[in-house]
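Architecture at a glance
Residue strings, one per chain:
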Amino acid sequence: MTSMTSVQYKIEGQKTFQEFLNKIEAEIKKASAVESQWVLFPELVTLDMWPVGDSRSERQIISEISRHFDAYVEALKEFSRQYNINIVGGSTPRQIKEEIFNTAIFVNDQGEVHFQNKLTQTPWEKKVNVAQGTKIQTIPTRFGKMVILVCYDIESPQVSHALVELKPELIIIPSMTESPEATRRVRYTAQARAVEHHAYTVVVPAVGEVSKDWIMYGRTLVTPPQYPSYPESIVAGPENQSFSQNFKLNFDKLQKTRQENKFYPAAETLKLEKESNTFNKGSK
């Protein structure tokens with residue numbers, strides 16, 4: 001069994017970089033105290049440093065926050081070493097040459113670092129010119145393969161189809177959703193991916209109300225394959241609250257039931273014909 005903690009992280013804004021790191025470390029310390037092997041954070045967790053009311057453009061603020069990327073990675077590496085824990089550090093703006101990506105970070109307890117750029121941009125990300133990732137990184141772990149799909153990526157049929165060849169045992173979904181409807185989209189498609197790929201999916205949401213125009217909704221959701229001997233869900237956290245949710249995943253069982261499973265519709269090659277229906281009025 002692999003023990004994990006999902007952090008429904010509260011975005012408050014106005015934090016200095018050190019204040020932000022203090023909040024991150026406090027959550028990691030709590031996870032370590034209950035002997036979690038993994039701790040998970042949500043999408044754009046570093047927007048906790050957003051300067052509310054600042055007159056600069058959103059693009060300029062994102063660029064400013066991206067300057068902390070390397071220091072954040074180094075801090076995660078130190079926390080991983082200090083607390084002997086694997087960390088999905090959520091995602092954060094990352095500048096590469098002239099482009100800024102929404103990049104998820106994973107640091108394992110051996111000090112190895114992996115990055116995953118978000119593949120599918122929301123309308124807001126397009127507006128502020130966040131660049132599009134082009135590759136799904138397969139991350140090796142002790143229990144098998146993991147992928148990180150950042151929020152909107154979990155909703156993409158193209159991304160789901162790409163997972164057929166990768167066959168991850170675990171799909172982590174750091175998210176930041178700003179309406180109940182967006183929260184449900186992420187939740188329902190995460191559940192679908194668990195079915196399609198006979199895998200565990202874990203939604204890790206940001207929560208909080210920074211201003212009346214910026215409210216984050218969400219709750220942790222851990223979904224196993226919908227297969228005999230698995231529950232409907234392993235964890236469904238409290239909605240829209242700052243909360244740390246502990247749970248355990250059985251990857252030995254997952255490997256066994258994958259071998260038994262004869263249903264894998266995502267891997268089927270279909271030959272579909274397109275038909276155009278015409279309306280025939282008939283002869284007069």
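An account of the accompanying structure is given in this report. (Residues numbered from 1 in each chain as written. Predicted model: local features only at pLDDT ≥ 70, side-chain atom pairs only at ≥ 80, totals over all residues. Heavy atoms only, no water.)

**Remarks on the overall build of the protein chain**
Each helix and strand in the protein chain was counted, giving seven helices and 14 strands. Its C-alpha atoms give the protein chain a radius of gyration of 20 Å, near enough to 19 Å, the size a compact globule of 284 residues would have. Per-residue burial over the protein chain gives 51% buried out of 284 residues. Look at the contacts in the protein chain between residues 6 or more apart in sequence, and 68% of them connect residues 24 or more apart. Summing over all exposed atoms, the protein chain offers an accessible surface of approximately 14700 Å²; the carbon and sulfur share of this is 48%. (Helix = DSSP H or I, 4+ residues; strand = E, 2+ residues; numbered from the N terminus. Rg over C-alpha atoms; globule rule 2.2 N^0.38 Å. Buried < 20%, exposed > 50% of the residue type's maximum accessible area, 1.4 Å probe, protein only. Contact = heavy atoms within 4.5 Å. Areas by Shrake-Rupley, 256 points an atom, 1.4 Å probe, with all protein chains shown as cover.)

**A word on unusual backbone geometry**
The phi angle at Lys 167 is positive, at roughly 50 degrees, despite the residue not being glycine. Looking at the element boundaries, Lys 167 is found in the loop between helix H5 (157–166) and strand E9 (170–175). In this model, Ser 229 sits at a positive phi of 85 degrees, which is unusual for a non-glycine residue. Here Ser 229 is to be found in the loop between strand E12 (221–223) and strand E13 (235–236).

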